[in-house]
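Chain and residue survey
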Amino acid sequence: LSLLPLRLFDCAMQPCILSLSSLLLLAASCWGWSLPPTSSSSQGVSRREAFGQAVSSAALIAAASESFPVSAAEGKKTGISNDELGKIIEKDVAENQFMVRADLTRSIYDESATFTDEIDTYQLDQWIKGTKRLFVADKSHVDMVPGSLQVSNEEASFLFTEYLTFNIPVLKPKVDLSGKVILKRDPSTGLITSYQEKWDQDVNTVLKSAKLFGN
């Protein structure tokens, strides 16, 4: 692993366009990551998939020796009221920073819950482990837009703004973005069955806003 930054710098000495997207794809090429082919029918989706693949692969390399315990032992808060659920969601966003640290209140989620972002869909344990590896927690932060939280028997939703520092060795790219989270609920239990994150910006805009080395 200690040789990876040297390989990156060796590759970076070659002529290239020093945009974040170029550097991410350059790093992917230098470290042998496999990126999906571009799609002529949807450039935005193919770029998003490539970005996600590069970031996820790098994060896995950086954290290959780390272990993140995941526990499903919490009793589930079935029949939870809308008010109580709203308070827990607010705490998970503001205090636990669950969107970048994955420190969520598991008892309000069904164990079969799925998590969908701009890249892919994940199972609960997979999302927790992946999120903890993907971001530099102390250089990432999420805020809920005041007054945006809405909770009903069918779903909860809120708007957010955030900056994310990706755990890519050497580069540590940092991006700013905003969007909406929709949490679908099982009407019979009140538990959350799906998490969906929607960005306001397309992936190209997010890449252009990025700064390298966690600045």
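To be clear, the structure that these remarks concern was listed above.
A short tour of the structure in this document, coming up.

Rules behind the numbers
Residues numbered from 1 in each chain as written. Predicted model: local features only at pLDDT ≥ 70, side-chain atom pairs only at ≥ 80, totals over all residues. Heavy atoms only, no water. Helix = DSSP H or I, 4+ residues; strand = E, 2+ residues; numbered from the N terminus. Buried < 20%, exposed > 50% of the residue type's maximum accessible area, 1.4 Å probe, protein only. Contact = heavy atoms within 4.5 Å. Pairing = 2+ DSSP bridges. Phe/Tyr/Trp six-rings, centres within 6.5 Å; stacked < 30°, edge-to-face > 60°. Lys NZ or Arg CZ within 6 Å of the ring centre and 35° of its normal. Core = buried A, V, L, I, M, F, W, Y, C linked by side-chain atoms within 4.5 Å. Expected span 1.5 Å × (residues − 1). Arc of directions from axis to C-beta. Salt bridge = Lys/Arg side-chain N within 4 Å of Asp/Glu carboxyl O.

In this section: the overall build of the protein. A count of helical and extended segments in the protein gives seven helices and seven strands. Reading the helices (α) and strands (β) of the protein from amino to carboxyl end gives α-α-α-α-α-β-β-α-β-β-β-β-β-α. By residue count, 43% of the 215 residues in the protein fall in the buried class. Once local pairs closer than 6 in sequence are excluded, the contacts in the protein between residues at least 24 apart make up 61%.

The next point concerns the pairing of strand 7 (residues 192-199). Here four bridges tie strand 1 (residues 109-116) to strand 7, and the two strands are oriented parallel to one another. In the strand pairing of strand 7, Phe 115 is matched with Tyr 195. Sheet analysis places strand 6 (residues 174-185) next to strand 7, joined by seven bridges and oriented antiparallel. In the sheet register, Val 181 faces strand 7, and the bridge partner there is Glu 197. The antiparallel pairing of strand 6 with strand 7 creates a hairpin that spans six residues between the two strands, and Gly 190 there sits at a positive phi of about 80 degrees.

This part takes up the packing of aromatic side chains. Under the defined criterion, the tally for this structure stands at seven aromatic pairs. Geometrically, the ring pair formed by Phe 115 and Trp 127 is stacked, given 4.6 Å between the ring centres and 20 degrees between the ring planes. Here the residue Phe 115 occupies a position in strand 1, and Trp 127 occupies one in helix 6 (residues 124-134), the gap between them amounting to 12 residues. Like Trp 127, Phe 115 is buried. Counting every residue linked through ring pairs, the aromatic cluster contains Phe 98, Tyr 109, Phe 115, Trp 127 and Tyr 195. For Lys 174, the ring lying beneath its charged end belongs to Tyr 163, and the centroid distance is 4.5 Å.

Time to look at the environment of Ser 157. Of note, Ser 157 is situated in strand 5 (residues 155-165). Sequence separation between Ser 157 and Ile 182 is 25 residues, and the spatial gap between their C-alpha atoms is 4.5 Å. In this view, Ser 157 contacts Ser 148, Leu 149, Gln 150, Lys 180, Val 181 and Ile 182; residues no more than four positions away in its chain are not counted.

Within the largest apolar cluster, 38 residues are counted, with the highest numbers of intra-cluster contacts made by Ile 89, Phe 98, Tyr 109, Phe 158 and Leu 183. Residue assignment for this core shows that the elements contributing at least two residues are helix 4 (82-94), helix 5 (98-101), strand 1, helix 6, strand 3 (141-144), strand 5, strand 6 and strand 7. Those residues within four positions of Leu 183 in sequence are excluded, and the remaining contacts are Ile 89, Tyr 109, Glu 154, Glu 155, Ala 156, Phe 158, Ile 192, Ser 194 and Tyr 195.

As a further point, take helix 4. Because an α-helix completes one turn every 3.6 residues, residues spaced three or four positions apart along the sequence face the same direction. The terminal C-alpha atoms of helix 4 lie 18 Å apart, and with 13 residues this matches the ideal 18 Å at 1.5 Å per residue to within 8%. Within helix 4, the full set of buried residues consists of Leu 85, Gly 86, Ile 88, Ile 89, Asp 92 and Val 93. Axial view of helix 4: buried residues confined to an arc of 165 degrees, hence all on one face. Exposed positions of helix 4 whose direction lies more than 90 degrees from the buried face are Asp 83, Lys 87 and Ala 94.

Attention now goes to helix 6. Three or more residues of helix 6 are buried, namely Leu 124, Trp 127, Ile 128, Thr 131 and Leu 134. Burial along helix 6 is one-sided: seen end-on, the buried residues are contained in an arc of 145 degrees.

It is worth spelling out the pattern of salt bridges at this point. Once their charged atoms are close, side chains differing in charge can pair, the charge on each being opposite to the other. Across all of its chains, the model carries five salt bridges by this definition. Across the salt bridge formed by Arg 106 and Glu 111, the nearest N and O atoms sit 2.6 Å from each other. Residue classification places Arg 106 among the buried residues on the basis of a relative accessible area of 3%. Judged by relative accessible area, Glu 111 falls into the partly exposed class, the value being 34%. With its nearest N and O atoms 2.7 Å apart, the salt bridge here joins Arg 106 to Asp 125. With Arg 106 in the loop between helix 5 and strand 1 and Asp 125 in helix 6, this residue pair connects regions lying 19 residues apart in the sequence. Accessibility expressed as a relative area gives 34% for Asp 125, which makes it partly exposed. Connected via shared salt-bridge partners are Lys 76, Arg 106, Glu 111 and Asp 125.

By themselves these figures say nothing about function.
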